[in-house]
Each structure stands twice: as structure tokens, then as C-alpha cells.
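Remarks on the overall topology
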Amino acid sequence: MKNNLIFNNLNMLKDKPNKEGKDELIQQQGMQLEFSGSAKEYFRIWIVNLCLTIITFGFFSAWAKVRKKRYFYSNLTLDGTPFQYLAQPITILKGRIIAAILFLMYYSSTHYFTTMLPYVLVAGLIIAPWVIVRSVAFNARYSAYRNMTFRFDGTYVESFRVIYAWGIIPAIAVGTIFNWWGIYWAAGIAYAVFAILFPWWVRNLKNFIVTKTSYGGHFGQFSASGNYFFQVYLVSVFITFGFGLITTIIVRFFEMEGMPYSNIIFIMPIYAGYVFAYAYVQTKITNTVWNQIRLGPLRFRCTLNSFEMAELYLTNAIGIIASAGFLIPWAVIRTYKYRTDNTHVINMTELKEFRASETETVQAAGAEMTEFFDMDLSI
Amino acid sequence: MNITSTRLEGTYYDGKIPIARPALLVFDNNEVTLTSGDTTLTYALHKLHVSPRVGNTDRFISLSDSGQYQCTDQPILDQLPQEVRSEGLVAWFENRMSVAVASVGIIICALFIGYFYGMPLVAKSMIKRIPIETEASLGNHILTWFDDSQWFNESHIDQDQQGSIMNKFNKLHQGLSMSPNIKLEFRNSERIGPNAFALPGGTIVITDQIVDIAESEEEVLAILAHEIGHAERRHSIRQILQGSFAALAATTITADAASLSTAVTGLPVILARTKYSRDFEREADDFAFDLLKRNHISTEAFASIMERLAKDSGSIEKLSFVSTHPVTSKRIKRAREFNNKESD
């Protein structure tokens, strides 16, 4: 079963255009995508904005966010033209204040006023689809390329349907609220069903975001299948278990229980397994999503590598810890650069196919809330 | 600086299709003329808006129709109307290495002061506003949870011994400001083993296992004196508050690295929380030593039971900076030193 799956996975890689074919297409019709940011320059931006954020007790964070976003957008050029981030700090600040209030309510209900938790959770379930729609729309609206902004037209109802399609998440939430999980088998089944359906859920969410996003009158098209997502997640589970098994064998074989610092020795390989599984999922999902997106005349090729990503994550973590955090800008820049270097945009016909339409403004509150609650919906 | 007759080479985007057109911008008094291919457009100078400076990347000038002009960054652009004025100053700071170096110093000082003085001070003043009933209900919640989930079972200690300990315990905390709220609960817990806890609100839980391991009631009281110290100083609720502040601060600082690794963002919070926890343990130890002395109990009782606990659990001293408690041998040493000093 296990071998078979990995084998399938390798086959899936081959299903994509082979390497020469791919390179040829990129060479002939690829548009140059380049990231020119440098760690040294970004360090100054990062530290100055962090300092101002700390001494203003967080109020400056809206400016800090805009400055950092602008840095990444401005240094990312496609066919010689940089992307633009258009949001203004005051708009972001407004959203942040709303998000901070909601976060405070959530935090205090989970930590201090636990009797309020059920109401807060239900309210959270109701506003979550709205938060997602608003934030994606905000990001699209304030992202521009060649003087034309992106758009996101997903509605609350559509978002609600995508997130709660099988009713699994609400079921788990409601079950938790009313403490049904005293019945262990019910909880077990609910979580198992959720775990199995999760890849399709992720796929549908990505599909929703891609197909409702448009640029110059063309909506994104998405052809990735849920089966592939499922295999990626399954392999990641095997990776995690594999590392756990190896650790157990080593510990038993060398009779290492009770040795000094034994806890740390046990945790290291398990942590390595977790990092690698995480890198694997990130890499495969990112690659598939981009490779299966079409936007008008544009196609994308994403060629991230799991091992290289894992190496990046590990070296980043070591660098950040060893430097007490001062290498965070370096880590962010090199990761961004690696991702850009492995993303290719192919123009099949002409950019003239894109035509601008009327634009409208979107409230910033949604975008801020997702950041606060750390829901990374990036594709 | 006079901007009249200045010429800027760049790229023009009409805002209708994403095509880049090479263009030239010529300034003349209050007007500016754009030439691109056969197109010539004229705009009023005060209606232009320039995008903020970002590193050394190109900047964009919004024209009063839907058009936009892209050119390399140059000082002359600062004389035109700015899209976001406040960012100009920030960009000025960002471009100076001296400001960056100063920022490092300010951040380190701010974190240092906030961490050692600010957060404990704020937490202290905040707990004055938290009614003890709210805190007690949180404590009851925790105890109920431990009871329901079988972490705690009914105590096997016989009633006489419980009564005897209870009496001495009540005498021990008599006269303290938290005294009306301090309660003692006996619980059996094979899973937790010999231990004692001070819950928010003043409830102290002691496991049967610690009563069993103690060779005298004085040893049990020594442990309880330490827990009374936690209760009197409201350490549990302060730990929750200070931990929340630390988490908030750490999230702000490591926000950029959040997507890179959760371990990186989790680590500073763990370090901060355990440091506060060790401070509280030390404070509770000191409190206990004084309390024991006032009740004519030797701190040697504390030292001896701690020694036995360490031996029984067979644990090796953990790395002190990730531990929630100070190194046990140090605590034992401090108890003995206190004892010697008092008997001199």
C-alpha cells in the first residue's frame, strides 16, 4: 500500500510535461519573473518598522504591514514591471482595530470566561466565511500589475457552502460546544471523517479562491483534482509515522531511555519528520495549485522541490534561533527568492486579451482578521 | 530645486490594457507633458500622485485620468504631491543604516524593560481589578476538569490525618490577606504522582502521593507553605496574564517568520513563560521560608522533602532555562542556607 502510493506519486510527476518540453515552453513563451529584494535592505525596513511598532504599542503595525508588503511587491517584477501594493496604512489600521477587538473576545473566552466560549464559537462559525471573502477581495483589490488591479467576486453564500459543505467542521464545533465527545466513538468517527475529507476540502477552498479571482476580465480556471491532494496528505502522514518509527527503534535498540537529555534526543528525529512532512505538503500543494491554474492567456509552472524546501526551513530555523531573531529578514528573503525562482509564467498568446473593468473599494477589516487569526490562504 | 524643464524617461500604462509603453515626461511650470508614441497628454502638476519610496525600486506616478507612469526613483519625485505622506518619513528612516542600528538598541532596551519590569507591573496592577470570585470560578473550572477526566481521584488519606494537616494548614495561613480564600483539597493521583498545586482563586491541591512520601507532617506543611506563597501572591492568575503578554509580544516580533516555522515563533514564548514561572517559584520559596520560620518550623523540612522528591523521581537536572522550576539542588541549598542563617 505504502510503496504503491509513493510510486503513484512518482508517476504523477511524470504525467506533467517532461523536463525538456517544459523548459522549451518556458524558454519560448515564458515571461521573466524576478525577485530583486536583498536581505540587507530588507533588514533595515524590518528593524525600523518593528522598532516603531514596539514603541507605539502596536499602533504603527498598520504602517509596518504596508511597508513590508510594498517591499515584496515592488521587488517582484514580471516582464520588467513591478507589482504594486495599493492599500493605505489608515485603511489597514481601521481593520486591525476591529480584528483586535474580535481577537480579544476570542482569546478571553478561551482563557478566562470559558462559559462564553460556545457563543463566541458559534459567532465565529457565522462570520468566518465573511472574513475569508473580505480578506481575499481586499488583497485582490489592492494588488495591481501594470495599472490594473485584481478582483475577487466570491460571495458570502458561496464561501459558506465551500467551507461547511459536508457539515463536518460545524459538527465538530457543535459537538465540542455541547461536550458530546464524552462518547469516544462519536468523536473518533467525526475526526476520522474530517481527516479523510480534509484534502477535498482544501482543494475546494483553493478552487473557490482561484475561480472567483479575475484580472482584466479573465477569471482563473482550476483543474487540480481532490485525489491528488489526498495522496499528498496521505504521504505526509506516512513520513511523520516513518520518522516516529525510526526514533522508537533507535531508542529501543540502543536502550537509551534514562540517558541525560534523552528527551531532546527523542524529540529531534520526530521534529525532523514533522518539518519534512510539512515541507512536502507545502511543496506539492503549491506546485499542483499553480500548475493547474489558467488565467486568460497565462499558464504557470511551479517547480519547488521538497528536499530543498525542507533544507530551507531547517536552515532558516537554525539561523533565526542562533541569531536570536535577527536573521528573520534573511530567512524571509531567501525563501521568497527560492519560490520566485521556481515559479514560471507562460504567456500563450497576448497580454492584450486582458481588459480593465470598473473597480470598487473593499473594506479592509476582512483582510486584517485573517492575518490576526493566522489563517494562511495563500496559493 | 526647480523642476521646470526636467525630463523623466519611463514607462506608461493606460490602465485599460496591461501593455508597457516607453514614454517621456516633461515638466513645465504647473504642467507636465507625457509623450508616448503618437500620444501626447498634458496634466496639471498638483493633480499627480507619487507612490511612496520603497528601497530602491521604481516609483509610480498616478495621472489624473486612469493612466500611470513608472520611472526610477529620484529626488525630484519628492517635490510632487505624495500618495501617502506619512510613508515618506518612514522611508527616510528605512534608508539609513544609523537608524537601523539605533532601532536594534531601542528594541533590545524596550523588550528588556517591558519583560523584567513592564509586564510584571502591569499584571500586578491588573489583578487588583480582577475580582477574586472570577479568579475562584476559573480555579473551580480547572479542578472540576481534573476530577472529571480522572486525573484526580478521591483521597485515600484517613480522616484523622487529613484533619490534623488541615488544622496546621489553617494555622499556617492565618492572618494573610488571601486567607479567607485559601482552601486545601486532598486528591489521589497515580498519574501525576507526588505534587501540589495552587489553583487560581486560592485553592491548593495536594496529592496523596506527597503525603505518603513525607516522613513528618512538618514536611507536608513545608510544601504547603510554598503553595500558600503562590496563592497569597496570586501567581496563577499573574502567570496567565504575563504569559498572554509574552505571547502577544512574541507574535508581533516573529510575525514575518510565522509561515516559515512554528517552532521559531513558539520558542520565545516558552522561554518567556518558563522564566516568569521560575521567578514565581523562587518568590514562593522565599515566602515559604519566612512563613515556616514564623510558625517555628525548620526549613530543613523543606530541604529534606525536596531532596527525597528529586531522588524518587530519579530525574536528571534539566536544562535550567527551559524548565518551569529552578534547579532543585539550588532550591534545597537555599532552604538550608536560610536555616543556618536563622540558627546563627
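Residues numbered from 1 in each chain as written. Chains lettered and ligands numbered in written order. Predicted model: local features only at pLDDT ≥ 70, side-chain atom pairs only at ≥ 80, totals over all residues. Heavy atoms only, no water.

**Considering helix α6 (residues 117-141) of chain A**
Residue and element names in this part refer to chain A. Relative to the 36 Å expected for 25 residues at 1.5 Å per residue, α6 spans 34 Å between its end C-alpha atoms, a close match to the ideal helical length. When the local axis directions of α6 are compared, the greatest deviation, roughly 40°, occurs at Ile127, which is followed within four positions by the proline Pro129. Those residues of α6 that fall on the buried side of the exposure criterion are Val120, Leu125, Pro129, Val131, Ile132, Val133, Ser135, Val136, Ala137, Phe138, Ala140 and Arg141. (Helix = DSSP H or I, 4+ residues; strand = E, 2+ residues; numbered from the N terminus. Expected span 1.5 Å × (residues − 1). Bend = angle between axes of the 7 residues up to and from the residue. Buried < 20%, exposed > 50% of the residue type's maximum accessible area, 1.4 Å probe, protein only.)

**A word on the pairing of strand β11 (residues 203-207) of chain B**
Residues and elements named next belong to chain B. Of all five residues that make up β11, five are buried, and the element is covered over most of its length. Neither face of β11 is exposed, since Thr203, Val205 and Thr207 on one face and Ile204 and Ile206 on the opposite face are all buried. Alignment of strand β9 (residues 183-188) against β11, held across five bridges, turns out to be parallel. In the sheet register, Glu185 faces β11, and the bridge partner there is Val205. What sits between strand β10 (residues 196-198) and β11 in their antiparallel hairpin is a turn of four residues, with Gly201 showing a positive phi close to 100°. (Pairing = 2+ DSSP bridges.)

**As for the pairing of strand β11 (residues 343-347) of chain A**
Residue and element names in this part refer to chain A. Burial of β11 is extensive: four of the five residues sit out of reach of the surface. Direction of pairing for strand β1 (residues 30-31) relative to β11: antiparallel, over a ladder of two bridges. The residue of β11 that forms the bridge with Met31 is Val345. Where strand β10 (residues 298-302) and β11 come together, five bridges link them in antiparallel fashion. The residue bridging Leu298 from the neighbouring strand is Asn347, located in β11.

**Observations regarding the environment of Asn291 of chain A**
Residue and element names in this part refer to chain A. With respect to the helices and strands, the residue Asn291 is situated in helix α11 (residues 262-291). In the structure, Asn291 is positioned 249 residues away from Tyr42 in sequence and 30 Å away in space, judged by C-alpha atoms. Engagement of the side chain of Asn291 in a polar contact is seen with the backbone nitrogen of Cys302, the distance being 2.7 Å. (Polar contact = N/O pair within 3.5 Å; in protein donor to acceptor, adjacent residues only side chain to side chain.)

**With respect to the state of the cysteines**
Here the structure, examined in full by the defined rule, presents zero disulfides over all chains. Free cysteine Cys51 of chain A: the closest other cysteine sulfur is in Cys109 of chain B, separated by 10 Å. By relative accessible area, which is 46% here, Cys109 of chain B ends up partly exposed. (Disulfide = S-S within 2.5 Å.)

**Looking at the pattern of salt bridges**
One side chain can pair with another of opposite charge once the charged atoms of both are near each other. Enumeration over the complete set of coordinates arrives at 25 salt bridges over all chains. For Arg331 of chain B, the salt bridge identified is with Asp285 of chain B, shortest N-O distance 2.9 Å. Of the two residues, Arg331 of chain B is situated in helix α10 (residues 328-343) and Asp285 of chain B in helix α8 (residues 262-294); the sequence distance between them amounts to 46 residues. Comparing Arg331 of chain B with Asp285 of chain B, the two get one shared label, buried. Overlapping salt bridges, with partners in common, bring together Arg67 and Arg70 of chain A together with Glu87 and Glu94 of chain B in one network. (Salt bridge = Lys/Arg side-chain N within 4 Å of Asp/Glu carboxyl O.)

**With respect to the sheet that holds β9 of chain B**
Residues and elements named next belong to chain B. Read from one edge to the other, the open sheet built from four strands follows the order β8-β9-β11-β10, with strand pairing classed as mixed. The outermost strands of the open sheet, each flanked by one partner alone, are β8 (153-154) and β10. Strand direction decides the pairing type here: β10 and β11, joined by three bridges, are antiparallel. Of the residues in β11, the one forming a bridge with Ala198 is Ile204. Relative to β9, helix α4 (residues 159-173) is tilted by about 150°, and along the sheet it contacts β9 and β11. (Contact = heavy atoms within 4.5 Å. Axes fitted to C-alpha atoms, helices over the stretch in contact; angles between N-to-C directions.)

**Focus: the sheet that holds strand β7 (residues 68-71) of chain B**
Hydrogen bonding along the main chain pairs the strands of a sheet, whether they run parallel or antiparallel. Residues and elements named next belong to chain B. The seven strands lie next to each other as β4-β3-β2-β1-β7-β6-β5, forming an open sheet whose pairing is antiparallel. Of all the strands in the sheet, just β4 (39-44) and β5 (49-50) have a single pairing partner and so form its edges. As paired elements, strand β2 (residues 21-28) and strand β3 (residues 31-36) share five bridges and run antiparallel to each other. Counted as the bridge partner of Asp28 is Glu31 from β3.

**Re the nonpolar core**
Core analysis: the biggest nonpolar cluster contains 91 residues, and Tyr42, Phe83 and Tyr85 of chain A have the highest contact counts within it. Ignoring anything within four residues of it in the chain, the contact list for Tyr42 of chain A reads Lys68, Tyr71, Phe72, Pro329, Val332 and Ile333 of chain A together with Asp256 of chain B. (Core = buried A, V, L, I, M, F, W, Y, C linked by side-chain atoms within 4.5 Å.)

**Topic: the interface of chain A and chain B**
Interfaces are frequently sized by the accessible area removed from exposure as the parts join. The interface is formed by 63 residues belonging to chain A together with 59 residues belonging to chain B. Carbon and sulfur atoms make up 67% of the area that chain A and chain B hide from each other, which totals about 5000 Å². Where chain A meets chain B, there are three salt bridges. Taking the shortest distance from any N to any O, the salt bridge between Arg70 of chain A and Glu87 of chain B comes out at 2.8 Å. Taken together, the links from chain A to chain B amount to 14 residue pairs in polar contact (both at pLDDT 80 or more). (Buried area = accessible area lost by both parts, 1.4 Å probe.)

**As for unusual backbone geometry**
All names here are of chain B. The backbone phi angle of Arg234 is positive, close to 50°, even though this residue is not glycine. Relative to the helices and strands, Arg234 is located in the loop between α6 (217-232) and α7 (235-254). The phi dihedral of His296 is positive, around 60°, even though this residue is not glycine. Mapped onto the elements, His296 comes out in the loop between α8 and α9 (300-313).

**So, a nonpolar patch on the surface**
Residues and elements named next belong to chain A. A contiguous nonpolar patch, built from Val122, Ile126, Ile127, Trp130, Tyr156, Val157 and Phe160 and spanning about 590 Å² of accessible area, is present on the exposed surface. Of all the elements in the fold, those that place two or more residues in the nonpolar patch are α6 and α7 (156-163). Looking at the nonpolar patch, the element that brings in the most residues is α6, giving four residues. Position of Tyr156 among the secondary structure elements: in helix α7. By relative accessible area, which is 32% here, Tyr156 ends up partly exposed. (Patch = residues over 30% accessible without salt bridge, like charges linked within 9 Å, V, L, I, M, F, W, Y side chains within 5 Å. Areas by Shrake-Rupley, 256 points an atom, 1.4 Å probe, with all protein chains shown as cover.)

**Regarding the confidence of the model for chain A**
Residue and element names in this part refer to chain A. Of the residues in chain A, 79% reach a pLDDT of 70 or more, and the chain-wide mean stands at 80. In the predicted structure, residues 359-366 sits below a pLDDT of 50 and forms 23 contacts with residues beyond four places in sequence or in another chain. Counted against residues more than four places away or in other chains, residues 368-379, with its pLDDT under 50, gives 32 contacts. (pLDDT = per-residue confidence, 0-100.)

**Side note on the packing of helix α3 (residues 39-55) of chain A against helix α1 (residues 85-94) of chain B**
For any two helices packed against each other, the geometry comes down to the angle between their axes and how far apart the axes lie. Where α3 of chain A meets α1 of chain B, the closest approach of the two axes is 9 Å, and the angle between their N-to-C directions is 120°. If you check the angle between α3 of chain A and α1 of chain B, you find them oblique. With respect to the hand of their crossing, α3 of chain A and α1 of chain B are arranged in right-handed fashion. Where α3 of chain A abuts α1 of chain B, its residues Arg44, Ile45, Val48, Asn49 and Leu52 of chain A lie against Val90, Phe93 and Glu94 of chain B. Partitioning the contact of α3 of chain A with α1 of chain B into residue classes produces five nonpolar, one polar and two charged. (Parallel < 35°, antiparallel > 145°, perpendicular 65-115°, else oblique. Left-handed = near helix turned anticlockwise from the far one by under 90°. Nonpolar A, V, L, I, M, F, W, Y, C, P; charged D, E, K, R; others polar.)

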